[in-house]
Amino acid sequence: MTETVREEAPTAGKPSGGLLEIRDLMVVFDGFKAINGVDLTVGEGELRFLIGPNGAGKTTLIDVITGLTKPTSGTVTFAGASLVGRKEHQIVRMGVGRTFQTSVVFEELSVLENIDLAATFRNPLVKLLRRRRGVSDEVAAALATIGLEDLADKPAGILSHGQRQWLEIGMLIAQGPKLLLLDEPVAGMSKDERERTGELLTEIARDHTVIVIEHDMEFLRRYASTVTVLHEGSVLVEGDVAAVQADPKVQEVYLGRKKEDAA
Ligand SMILES: Nc1ncnc2c1ncn2[C@@H]1O[C@H](COP(=O)(O)OP(=O)(O)OP(=O)(O)O)[C@@H](O)[C@H]1O
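Residues numbered from 1 in each chain as written. Predicted model: local features only at pLDDT ≥ 70, side-chain atom pairs only at ≥ 80, totals over all residues.

Tell me what's going on with unusual backbone geometry, and back it up with residues and numbers.
For Glu184, which is not glycine, the phi torsion reads 50° and is therefore positive. For Glu232, which is not glycine, the phi dihedral falls at a positive 45°. Judged by the 15 C-beta atoms lying within 10 Å of it, Glu232 is partly exposed. (Buried ≥ 20, exposed ≤ 12 C-beta atoms within 10 Å, placed from the backbone.)

Pasting the structure below:
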């Protein structure tokens, strides 16, 4: 029942309510409030950036959305359904996909096989019944989106760092998510690779909702519209990138550490 993903292609930059709605979220680890009363609404079709200093709670927030960490209290609603208490694989099947800071590609498998395997994960039964020969539409589309067609048959182990990140994004797309959560997708990338990734994210956001954790201020300035700043487990500020950068609270807790970036 879950294959159709892109029924609607919302206009970029025109969110239509909350695809993801988080209310009064708390995550407490041994008395430490890693998330402390977060409210967050991300509308369908948004490309939302999540920033904040180390330990602000960004990864914990993504962990809660994807079912890896159980919240202490609060609600997480995706497309009208609660995610709290669901298992990770159920949340993937509901249409939420994420990348991790550490790579999850199989090095011996080809680029194409990695994408195919990822696509199979979301809808194993459908794939099994179809017993297709050749490449399914969603796998071909994912491969084209990430621009690695020329390397389709090469083992993933030979990919550069940037290409590997794109492959992981392709693997996510092939699972047909509505919401993609990307954890520092341009970390360690060259300038050209960052640019290519920015274009890729912009393209993906045309028919997906995307939340990106990112530290790179230049990247944010170029590709972000709405930015949410987390600090000590709470939302400090939210707004467009220019307003967020100009906010004294943000400069103090976040940009203040990187004056050269904030200029
Ligand atoms: N499983 C855990 N047990 C105890 N404390 C944790 C756990 N996971 C995270 N924390 C703590 O919660 C806080 C938030 O961590 P989190 O990784 O979410 O921050 P972050 O904003 O993603 O930081 P970074 O930019 O460094 O990745 C940190 O102080 C971290 O040490």
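Lay out the packing of helix α6 (residues 161-174) against helix α7 (residues 191-204) in plain terms, naming residues and giving numbers.
One way to put it is that α6 packs onto α7 with a least axis distance of 10 Å and a crossing angle of 10°. Compared by their axis directions, α6 and α7 come out roughly parallel. Between α6, through Gly162, Gln165, Trp166, Ile169 and Ile173, and α7, the contact on the second element is made entirely by Glu193, Thr197, Leu200 and Ile204. Grouping the amino acids of the contact of α6 with α7 by side-chain chemistry returns five nonpolar, three polar and one charged. (Axes fitted to C-alpha atoms, helices over the stretch in contact; angles between N-to-C directions. Helix = DSSP H or I, 4+ residues; strand = E, 2+ residues; numbered from the N terminus. Parallel < 35°, antiparallel > 145°, perpendicular 65-115°, else oblique. Contact = placed C-beta atoms within 7 Å. Nonpolar A, V, L, I, M, F, W, Y, C, P; charged D, E, K, R; others polar.)

Could you give an account of the nonpolar core, naming the residues involved and the relevant values?
Formed by 71 residues in total, the largest nonpolar core has its most connected members in Ile115, Leu167 and Val210. In terms of residue count, α6 provides more of this core than any other element does, seven residues in total. Residue contributions to this core reach at least three from each of two domains, namely domain 1 (15-95 + 177-263) and domain 2 (101-174). For Ile115, the residues in contact, after removing those within four places along its chain, are Val139, Ala142, Leu143, Gly170, Met171 and Ala174. (Core = buried A, V, L, I, M, F, W, Y, C linked by C-beta atoms within 7 Å. Domains from an automatic or database assignment.)

Can you lay out the site of the ligand for me, pointing to particular residues and giving the numbers?
For the ligand, the full set of nearby residues is Phe29, Phe32, Ala34, Gly52, Asn54, Gly55, Ala56, Gly57, Lys58, Thr59 and Thr60. Among the secondary structure elements, those contributing two or more residues to the shell around the ligand are β2 (32-43) and α1 (58-65). When residues in the shell around the ligand are grouped by element, the largest group, three residues, is from α1. (Near = placed C-beta within 6 Å.)

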